[in-house]
Amino acid sequence: MGPKARFDGADNAASAAGSTVAFVASRAMASTRAVREFMSPLSTRASRASRNRVRSFAFRHVGPLIDSARQQNNQPFNLMITRRTALKTASAATAALAAAATFTDALAQAPAPTGPFTLAPLPYANDALEPHIDAATMGIHHGRHHAAYVAGLNRAVAGTDLAKKSVEDIVRGLATAPENIRTALRNHGGGHLNHTLFWRMMKKGGGGQPKGALASAMEKKFGGFDKFREAFTASAMGQFGSGWAWLSVDDKKELRIEATANQDSPLTAGRMPLLGVDVWEHAYYLKYQNKRADYVAAFFNVIDWDFVAERFGK
Ligand SMILES: [Fe+2]
């Protein structure tokens, strides 16, 4: 194979990878500007510039796809893509195709949740939290990611007595759950519980500061709302990889800021989650890419402090 043929082969492979990623991404993000921008250079034979756009797009969007595949397969995702590989050789095409195939397989494997746990509708429209959290993210996050947790939880409890329990009781009682399904309960039960709370912790026109007993407790524990916000943000930023940052309360009514990995909940450790921010990339990547700090700052504009205070008062 001469240099020209190798170049054409790499071009064609890059085009194939790009087309596949674009196809998968378009299923998830059909209306996003990124897809519209991405599709145009693929209509003709890929140039160096368009290959670079393919590469750039893949790096921006394959991450969330991997997030989703990991979540739904409940398995470590062993895919290595290096920038050098993506740039220089057609193996980037193979890697992107593998990621896309895994993602589509994961979607195909997720059955419709038929119970006992079900996916409640969002308590507001997908675009209600714009511009802080975009409608496309909300739609995918709720309709696909949360739905996958519900489906996974239903699969885990099928044929067991746990099917009659609440998701709170399942997550609270993980230590005594049957060992063969404990990890599935932890991931999918936690995912269902955490996301159910998350939608309620936000509202259109939210933000501001809490009042009443919660404000007093924050003053006592953190030295005021601004200090709380600073510490909560630091916790969200410090969570390496996927997880959550929480404001929780223990049985002595003492507040605490804590971070958990994956879908773990403070409830398993005996504390009630009052407020949580999802720092999985699927929660912010479409709008904020790697700028988690911007997303966490935006989250403060949509917090429903009435809901959080009500939980504190229980
Ligand atoms: Fe999430």
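None of the values given here were measured: they were computed from a predicted structure. (Residues numbered from 1 in each chain as written. Predicted model: local features only at pLDDT ≥ 70, side-chain atom pairs only at ≥ 80, totals over all residues.)

1. Concerning the overall build of the chain
Then comes step 1: A tally of helices and strands in the chain yields 13 helices and three strands.
Then comes step 2: Burial analysis of the chain (314 residues in total) assigns 39% to the buried set.
Then comes step 3: Pairs at least 24 residues apart make up 70% of the contacts formed inside the chain by residues separated by at least 6 positions. (Helix = DSSP H or I, 4+ residues; strand = E, 2+ residues; numbered from the N terminus. Buried ≥ 20, exposed ≤ 12 C-beta atoms within 10 Å, placed from the backbone. Contact = placed C-beta atoms within 7 Å.)

2. Here we look at the packing of helix α6 (residues 135–157) against helix α8 (residues 179–200)
Then comes step 1: Close contact between α6 and α8 brings their axes to 8 Å; oriented N to C, the two are set at 140°. Here α8 runs oblique to α6, going by the angle between their axes. α6 and α8 meet at a crossing whose hand is left-handed. Taking contact as the criterion, the partners of His142, His146, Tyr149, Val150, Gly152, Leu153 and Ala156 in α6 are, on α8, Ile181, Ala184, Leu185, Asn187, His188, Gly189, Gly191, His192, His195 and Trp199.
Then comes step 2: Taken together, the residues that form the contact of α6 with α8 break down as eight nonpolar, nine polar and no charged. (Axes fitted to C-alpha atoms, helices over the stretch in contact; angles between N-to-C directions. Parallel < 35°, antiparallel > 145°, perpendicular 65-115°, else oblique. Left-handed = near helix turned anticlockwise from the far one by under 90°. Nonpolar A, V, L, I, M, F, W, Y, C, P; charged D, E, K, R; others polar.)

3. A look at the sheet that holds strand β3 (residues 272–278)
Then comes step 1: Within the open sheet, the three strands sit side by side as β2-β1-β3. Their pairing is antiparallel. Of all strands in the sheet, those bounded by a partner on one side alone are β2 (255–261) and β3. The mean angle between the axes of side-by-side strands here comes to 25°, regardless of whether they run parallel or antiparallel.
Then comes step 2: By the bridge criterion, six bridges tie strand β1 (residues 243–249) to β3 in an arrangement that is antiparallel. Counted as the bridge partner of Trp246 is Gly276 from β3. (Pairing = 2+ DSSP bridges.)

4. Structural notes on the confidence of the model for the chain
Then comes step 1: Averaged over all residues, the pLDDT of the chain is 77; the fraction at 70 or higher stands at 64%.
Then comes step 2: In this model residues 1–66 is a low-confidence stretch, pLDDT under 50, and it forms 80 contacts with partners more than four residues away in sequence or in other chains.
Then comes step 3: Contacts from residues 72–110, a stretch scored under 50 in pLDDT, to residues over four places away or in other chains number 58 contacts. (pLDDT = per-residue confidence, 0-100.)

5. Remarks on the pairing of β2
Then comes step 1: Here β1 pairs with β2 via seven bridges, running antiparallel. Within β2, the residue paired with Trp244 across the bridge is Thr260.

6. Section: α8
Then comes step 1: In this model α8 runs 31 Å from its N-terminal to its C-terminal C-alpha over 22 residues, within 8% of the 32 Å that 1.5 Å per residue would give.
Then comes step 2: At Leu185, α8 is bent by approximately 35°, the largest bend along its length. (Expected span 1.5 Å × (residues − 1). Bend = angle between axes of the 7 residues up to and from the residue.)

7. What to know about unusual backbone geometry
Then comes step 1: Cis peptide bonds are those with omega within 30 degrees of zero, and the linkage from Gly115 to Pro116 qualifies with 10°.
Then comes step 2: Along the chain, Pro116 falls in the loop between α5 (91–109) and α6.
Then comes step 3: A cis geometry characterises the amide bond from Glu130 onward to Pro131, with omega recorded as 0°.
Then comes step 4: Here Pro131 is to be found in the loop between α5 and α6.
Then comes step 5: Unusually for a residue other than glycine, Lys253 sits at a positive phi of about 70°.
Then comes step 6: Among the structural elements, Lys253 can be located in the loop between β1 and β2.
Then comes step 7: Overall, the presence of 10 C-beta atoms within 10 Å leaves Lys253 in the exposed class.

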